Number of protein chains: 2
Amino acid sequence: MTTDGANVSERNADRTRSTAGTATETAPGRDPEAVSRFVERFASQLVEAGMQRMPARVFTALLSSDTGAMTSAELGEQLRISPAAVSGAVRYLSQQHMVSREREPGSRRDRYRVHSDQWYEAVTNRDAVLRRWEDALREGVQQLGADTPAGRRIAETLAFFEFLQGEIAQLMERWRARRAELFGEDRARDDRPKG
Amino acid sequence: MTTDGANVSERNADRTRSTAGTATETAPGRDPEAVSRFVERFASQLVEAGMQRMPARVFTALLSSDTGAMTSAELGEQLRISPAAVSGAVRYLSQQHMVSREREPGSRRDRYRVHSDQWYEAVTNRDAVLRRWEDALREGVQQLGADTPAGRRIAETLAFFEFLQGEIAQLMERWRARRAELFGEDRARDDRPKG
DNA sequence: CGGTACTTTCACAAATTTGTGAAGTTAAGG
DNA sequence: CCTTAACTTCACAAATTTGTGAAAGTACCG
């Protein structure tokens, strides 16, 4: 853990400001170590909340990249994980609609992209999850008997989730308005492939 | 559901523990197998959503019990798990405020209880979780630079969670109203100790 | 004070999950 | 076609998690 110490300045560290802040395609004062610290810290929170480790790390790496998109190789290098691990993580994230895959026409490599205007929609849109919960609960009410105390308790739980599902849709609608207000409607442009 | 006047069940519960009797408090039409099927099915959903197995099973067992409360022995017997497993699960659930522990004055055994009006408040009230996420994100904005594309993306994520936190409070307020409308204000009485 | 009835803690074996190297697959460019 | 770059799948070793029996701890009751 201690590790790092003073040491190993990456070539990046050499890059002083003297090199004119202009050609900053690759981010100006981007300290890889700071980025890594954030990635690991936020990913840990996601893991604690139930997400698998690799998907959490890959996702956070994408989230904290300037372009919002990285190749498999970049992800592997930054996170120090094998291509296999990247592949697995990315498959999971795609299934959850948290990242999308892009094929670059000229190249053989894929890019994985997080759309900042879509990823938490995917998270809150855990429609499928809620629906499965509700199915299980409905069945429970039947099996326990709607007129028993237990059945009533389950029915109330079911009603709560049904209520929740409706509320979430409205809530996201409100968020979109507030988001536009805070950041502007065109904010999402950063997340699109470069034009 | 109002109390018409036939408080028969109250006497039933008062049954003193005689030697031979196991907890034969099961309701009449209650098929243990059906109960078990529901418990396992719903618990699986919770596991899939990130909850540990034993807490999920214990919690669902409590949720689908008629009184909303069970002793360690009852839980162990129904779920076929050791006292140690019950202990661990219950500790977790208490920390999450999903069940509460009661000490019966006359007896040496604890009862664990789910309050149907409180457990999903605990779930939606993942205040602590949200706060930790927000902390990590705030730090990320700083480290990445608020004026970088990445920093802006993280800032937007942060804003979303802050928004969410505020919305949830109002949402639960609305739910309480709706719940009263659907089930009556006194619905929660089943979940309280008999007095 | 014990005696006793529970509950909790702890070390550990079993089961599960995780991430890797290597082989396999696909498709872009010659 | 063949080469080659990139991605995916697979078997497995390592690491982690899980649940248990047994010992230890607690607190009620006489």
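Coordinates for the structure precede this section.
So, a few notes on the structure that sits alongside this text.

An ideal rise of 1.5 Å per residue puts 24 Å on 17 residues; helix H2 (residues 32–48) of chain A measures up with 24 Å between its terminal C-alpha atoms. Inspection of H2 of chain A places Ala34, Val35, Phe38, Val39, Phe42, Ala43, Gln45 and Leu46 of chain A among the buried residues, and these make up the whole buried set. Each buried residue of H2 of chain A sits inside an arc of 155 degrees when the element is viewed along its axis, so together they form one side. Where H2 of chain A is buried, its residues touch helix H3 (53–63) and helix H4 (72–79) of chain A together with helix H7 (127–144) and helix H8 (149–183) of chain B. A distance of 2.9 Å separates the backbone nitrogen of glutamate 33 of chain A from a side-chain oxygen at the start of H2 of chain A, and that oxygen is part of aspartate 31 of chain A. Just past H2 of chain A, the residue glycine 50 of chain A takes up positive phi, approximately 115 degrees.

As a further point, take the nonpolar core. The biggest cluster of nonpolar side chains holds 94 residues, and the ones touching the most others in it are Val58 and Phe59 of chain A together with Val58 and Phe59 of chain B. Leave out the neighbours within four places in its chain, and phenylalanine 59 of chain B touches Leu46, Met51, Leu93, Met98, Val99, Val114 and Trp119 of chain B.

Facing 60 residues of chain A, the contacting portion of chain B comprises 60 residues. Between chain A and chain B, the buried area comes to about 5400 Å², and carbon and sulfur atoms account for 64% of it. Broken down residue by residue, the surface that chain A buries against chain B is led by Arg153, Glu156 and Phe160 of chain A, which jointly contribute 14%. Here chain A and chain B share eight salt bridges between them. A salt bridge links arginine 132 of chain B to glutamate 48 of chain A, with the nearest nitrogen and oxygen atoms 3.3 Å apart. Where chain A meets chain B, there are 20 residue pairs in polar contact (both at pLDDT 80 or more). No other element matches the 22 residues that helix H8 (residues 149–183) of chain A contributes to the side of chain A that touches chain B. Among the residues making up the side of chain A that touches chain B, the classes are represented as 29 nonpolar, twelve polar and 19 charged.

Moving on: the protein's contact with DNA strand D. Close to DNA strand D lie 21 residues, the nearest being Arg101, Arg108 and Arg109 of chain A together with Gly106 and Arg108 of chain B. Close to the protein, within 4 Å, the atoms of DNA strand D are drawn from sugar and phosphate at a rate of 71%. Within the backbone of aspartate 110 of chain A, one N or O atom sits 2.9 Å away from a phosphate oxygen of DNA strand D. At 2.6 Å from a base oxygen of DNA strand D is found a side-chain nitrogen or oxygen belonging to arginine 108 of chain B. Among the elements of the structure, helix H5 (83–95) and strand E3 (110–113) of chain A together with helix H3 (53–63) and helix H5 (83–95) of chain B are those that each provide at least two residues to the surface near DNA strand D. Of the residues forming the surface near DNA strand D, the biggest block, four residues, is contributed by H5 of chain A. The class makeup of the residues in the surface near DNA strand D is eight nonpolar, five polar and eight charged.

Further remarks concern the sheet that holds strand E2 (residues 100–103) of chain A. Residue and element names in this part refer to chain A. Taken in spatial order, the three strands of this open sheet run E1-E3-E2, and their pairing is antiparallel. The strands lining the two open edges of the sheet, one partner per strand, are strand E1 (69–71) and E2. Pairwise comparison of adjacent strand axes, ignoring direction, gives a mean angle of 30 degrees for this sheet. In this sheet, E3 lies alongside E1 in antiparallel orientation, the contact comprising three bridges.

Thresholds, definitions, all that
Residues numbered from 1 in each chain as written. Chains lettered and ligands numbered in written order. Predicted model: local features only at pLDDT ≥ 70, side-chain atom pairs only at ≥ 80, totals over all residues. Heavy atoms only, no water. Helix = DSSP H or I, 4+ residues; strand = E, 2+ residues; numbered from the N terminus. Expected span 1.5 Å × (residues − 1). Buried < 20%, exposed > 50% of the residue type's maximum accessible area, 1.4 Å probe, protein only. Arc of directions from axis to C-beta. Contact = heavy atoms within 4.5 Å. Polar contact = N/O pair within 3.5 Å; in protein donor to acceptor, adjacent residues only side chain to side chain. Core = buried A, V, L, I, M, F, W, Y, C linked by side-chain atoms within 4.5 Å. Buried area = accessible area lost by both parts, 1.4 Å probe. Salt bridge = Lys/Arg side-chain N within 4 Å of Asp/Glu carboxyl O. Nonpolar A, V, L, I, M, F, W, Y, C, P; charged D, E, K, R; others polar. Near = heavy atom within 4 Å. Pairing = 2+ DSSP bridges. Axes fitted to C-alpha atoms, helices over the stretch in contact; angles between N-to-C directions.

All we've got here are geometric facts, nothing functional implied.
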